[in-house]
Amino acid sequence: MAEERYRDASCSIADRVDDLLGRMTLEEKLAQLGGVWVTDLVHDEAFSAEKADARLADGIGHVTRVAAATGFRPRESAALTNDIQAFLTQRTRLGIPAIVHEEACAGYMARDATCFPQAIGQASTWDPDLIEAMSAVIAEQMCSVGARHALAPVLDVTRDPRWGRVEETYGEDPYLVARMGVSYIKGLQGDVVTGVAATAKHFIGYGMSEGGLNWAPARLMPRELLEVFAAPFAAAIAEANVMSVMNAYQELDGVPCGSSAEVMVDLLRERLGFDGVVVSDYFTIPTLVDYHRVARDKTEAAGLALRAGIDVELPEHDGYGAPLRRGLDEGLIDVALVDASVRRVLAQKFALGLFEGAQVDAERAHLVFDTAEQRTLARRIAQKSLVLLQNDDALLPLAPDIASIAVIGPGADDVRLLQGDYHYPAHVEVMFEAQGDLPAPTPMIGSRVEDLADHYPPMVTLLAGIRAKVGASTQVLHARGCDVAGTSTAGFGEAMEAARAAEVAIVVVGDRSGLTNDATTGEARDRAEVSLPGVQQALLEAVCDTGTPVVVVVLGGRPLALGEVVERAGAVLVAWLPGEEGGSAVADALFGDVSPGGKLPISFPRAAAQIPVYYAHKPSGGRSHWKGDYVDMKTDALFAFGHGLSYTTFAYEDLGVQPREVRAGDTVTVAFDLRNEGERAGDEVVQLYLRDLVGSVSRPVKELKGFVRVTLEPGETNRIAFAFPVEALAFFDREMAFVIEPGTIQVMVGSSSADIRLTSDFEITGERVLVQRKVYTSDVTVS
């Protein structure tokens, strides 16, 4: 037998792939193009060699959700992964290890893993360094149990709060989404060989579906698709070398993304330069037959997907099983497409170092799960994610010696409402509850989820956080009042009684995230209206009618229409889905141990009828017309992108823009002073917006081009300087060429997209210049 160069780590990855691919049978190649549910390899909650003989004889590309689909704790999960990898490396002909993939948008979706704030809350920190630290923790936990591929981050730009998956995103702006996504990927992938492959998803346009409905068509024009929705993916590829991309479910102009070579090959690979592995979103290939109806059978669907560059079918072989083999045998599908995809899959496995070490130390795996340091990080992220929408008469922070507090509402003492749809405890419900319109239930072993509470990490509700904060000196009253989406008002009396007996009432309202039918936000939990569900608004009004000052804390994953809330409440704090330390973090903010400094990553509408409402709109339409508004409502957001108050105030001063005349290739510096003019320390997220005043095609009224979060003590001043290349102003012109055009650029610096404090401009001179499509960002210095 020829020397097995693929086993020699001193050889290049390309040489190892060439050697291994040349040894593989067609069956072994096809095995690499799909996955297997871990539950198909288990009997009586232990690895089954007999089942593996039936399912893994030719190897396998991926194993799906070892931890999430079993409910195993880290030691058990690691041991099961070791058994699977030992079978593959020792009992299959070529010994090719598998990639174990898991979900991880807000923490590793596994039992005992740290539950960080959901992605929309992460974005509200406007602190990419924190997100990189978080994803490094996720990687450490995943690697300890042998999971080396995460189906995160979500890089969808979304501007429709009706869509249930808003919570999994970083919001409405491509620059912010890119900055947070790149940091997440860098922390997760690390040096690759000891890291976890990240998956940028969902390519492309998934977050702007028709009517806010999951999987519905996205009606996006080519220029907007490239400038807005492709931008975060371009950054992930160019700056973070993301290893994997996942297709979107929906169609663009009649062609589902999972079958579109124009999207997944021409755009993703050729224009954006992606050279990694494309994994299908779950069940993508069968949906081409029974949902989108663009293929007559699974063989045709497999051919469409393979030609579109879908390398691996998840969660398991379906179209890429017997139907693909049939298409190859009948000459309907070119085997060269199979070879190309297998080559990319093998290259990823070599890059991850799996051939040198697929085994892990199962006995030590638990040592890196939910440590004190990790919980401190979760609390810090939750603190920095809090967005103070309103604080009339400085109701917050509360006095530490307050005599009595009423904590009211469905979210006051319910750990479940701190969870996002891809937090492990919330997702576990899917294993044993009716699925509604979801494609299929995730398999689960035996009865391991009979006691759901046992699957939660230690979690702190807001009621518990407040009680821990104030101690015995303050009377803390509690009443649930109502359920999230229920219609009963039977608990209102108790809630009003508690409010009357207290100096202040904290009313905790919002959504319930998940994938099950009782969830009001999350995947496939889209809503036509975006006001508070159920009778929560009526509960709030009843509490306000008592005359006790009211602070509203909003839990949930989507922007809500809170007009009636802000009219009645004194203060409104958005906590999103803050995870395991959410209650402590909110209590920290309520009592002034930290000053809220988060900013909205997505605009809050006045009503669902406005949607989409977002800051970077074009100048045309009623928003800029001389009459300005709708007949019955304003056109602007209730709370704009970037909005967020603090317990202190900040002055913006001494703006300088240099140089004032520039050409392509030059760098512009925008510098100013930021001063804390209040009596408390606080964080401010300063935001740089630019506007091209006249273009050959219409340009947005402003675009975020830089930001930084700064902490200042009372009276302290920092000089902030943003430096960006002129190419950051490039756009696609009428001929769809990427160009810089001469003209005046307006500079806007402020505390939000609607709260601009300083303005200036500079001039781009010279002729129109073609620009190479790259990712252009701002460098920032704080001194």
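Above this note sits the structure.
Here the residue numbers are simple positions, counted from 1 along each chain's written sequence. Side-chain atom pairs in this predicted model are given and counted only at pLDDT of 80 or more, local residue features only at pLDDT of at least 70, and totals for whole chains, interfaces and linings cover all residues. The basis for every side-chain value is the complete set of non-hydrogen atoms in the structure, without hydrogens or water.

A. Expanded view of the side chain of Ser753. Tracing the backbone through its elements, the reader meets Ser753 in the loop between β26 (743–752) and β27 (755–764). For Ser753, a relative accessible area of 5% gives the class buried. Contacts are assigned to residue pairs with any non-hydrogen atoms lying within 4.5 Å of each other. When residues no more than four places from it in sequence are discounted, the contact partners of Ser753 are Tyr615, Ala640, Phe641, Gln687, Tyr689 and Lys702. Helix and strand definitions follow DSSP, with helices as H or I runs of at least four residues and strands as E runs of at least two, each counted in order from the N terminus. Using a 1.4 Å probe on the protein chains alone, a residue whose accessible area is under 20% of its type maximum counts as buried, one over 50% counts as exposed, and one in between counts as partly exposed.

B. Structural detail: the packing of helix α8 (residues 222–229) against helix α9 (residues 231–240). Only the stretch in contact is used when a helix axis is fitted, and all axes are lines through C-alpha atoms; the angle between N-to-C directions ranges over 0 to 180 degrees. Contact geometry of α8 with α9 gives a least axis separation of 5 Å together with a crossing angle of 45°. Considered as vectors, α8 and α9 are oriented oblique to each other. Contacts between α8 and α9 involve Leu226, Glu227, Val228 and Phe229 from the former and Ala231, Pro232 and Phe233 from the latter. Residue classes follow a fixed rule: Ala, Val, Leu, Ile, Met, Phe, Trp, Tyr, Cys and Pro count as nonpolar, while Asp, Glu, Lys and Arg count as charged, and any other residue, Gly among them, counts as polar. When its residues are assigned to classes, the contact of α8 with α9 shows six nonpolar, no polar and one charged. Our angle categories are set so that under 35 degrees counts as roughly parallel, over 145 as roughly antiparallel, 65 to 115 as roughly perpendicular, and the remainder as oblique.

C. The arrangement of the state of the cysteines in detail. Note on terminology: disulfide denotes any pair of cysteine sulfur atoms within 2.5 Å. Counted by the stated rule, this structure contains zero disulfides. You can see Cys115 has no disulfide; the closest cysteine sulfur is in Cys105, sitting 11 Å from it.

D. Molecular detail of helix α19 (residues 536–544). Of all nine residues in α19, seven are buried, a share of seventy percent or more. Buried within α19 we find Gln536, Gln537, Leu539, Leu540, Ala542, Val543 and Cys544.

E. Looking closely at the packing of aromatic side chains. Between the rings of Phe, Tyr and Trp (Trp by its six-membered ring), a pair exists once the centres lie within 6.5 Å; its type follows the angle of the planes, with under 30 degrees stacked, over 60 edge-to-face, and the other angles tilted. Taken as a whole and judged by the stated rule, the model has 21 aromatic pairs. Ring centres 6.1 Å apart and planes at 85° place the aromatic pair Trp37 and Tyr282 in the edge-to-face group. Of the two residues, Trp37 sits in strand β1 (residues 35–37) while Tyr282 sits in the loop between β11 (277–279) and α11 (284–290), which places them 245 residues apart along the sequence. Of the two residues, Trp37 and Tyr282, both sit in the buried class. Only when the NZ atom of a Lys or the CZ atom of an Arg is both within 6 Å of the ring centre and within 35 degrees of the ring normal do we say a charge sits over the ring. In this structure, Arg159 is placed above the aromatic ring of Tyr614, and the distance from its NZ or CZ to the ring centre is 4.2 Å. Taking NZ or CZ as reference, Lys201 lies 5.8 Å from the ring centre of Tyr422, over its face.

F. Spotlight on the pattern of salt bridges. The salt bridge definition used is simple: a Lys or Arg side-chain nitrogen within 4 Å of an Asp or Glu carboxyl oxygen. Tallying each qualifying case throughout the model produces 51 salt bridges. Among the ionic pairs, Asp339 bridges to Lys29, the shortest N-O distance being 2.9 Å. Pair noted here: Asp339 is in helix α14 (residues 335–351) and Lys29 is in helix α2 (residues 26–31), with a separation of 310 residues, a long-range link. Looking at Asp339, the relative accessible area reads 22%, which means it is partly exposed. Notably, a salt bridge pairs Glu103 with Lys201, separated by 3.3 Å at the nearest N-O pair. Linking Glu103 in the loop between β5 (99–102) and α5 (119–125) with Lys201 in strand β7 (residues 199–203), this pair joins segments that are 98 residues apart in sequence. In this structure Lys201 comes out as buried when scored by relative accessible area, which is 3%. Connected through shared salt-bridge partners, Arg73, Arg111, Asp112 and Asp454 make up one network.

G. View of the sheet that holds β11. Should DSSP find at least two bridges between two strands, the strands are regarded as paired. Taken together, the three strands give an open sheet; going across it, the order is β7-β8-β11, and neighbouring strands pair in parallel fashion. One side of each edge strand has no neighbouring strand; the edge strands of this open sheet are β7 and β11. For this sheet, the mean angle separating the axes of adjacent strands, direction not counted, is 30°.

H. Spotlight on the environment of Tyr652. One can find Tyr652 in strand β18 (residues 650–658). Considering only alpha carbons, one finds Tyr652 and Arg757, 105 residues apart in sequence, at a separation of 6.3 Å. When neighbours within four sequence positions are excluded, Tyr652 is seen to be in contact with Phe672, Asp673, Leu674, Glu684, Val685, Val686, Val749, Gly750, Ser751, Arg757 and Leu758. Side-chain polar atoms of Tyr652 contact the backbone oxygen of Gly750, separated by 3.4 Å. Residues adjacent in sequence count toward polar contacts only when both atoms are side-chain atoms; beyond that, a polar contact is any pair of N or O atoms within 3.5 Å, and within protein one must be able to donate a hydrogen and the other to accept it.

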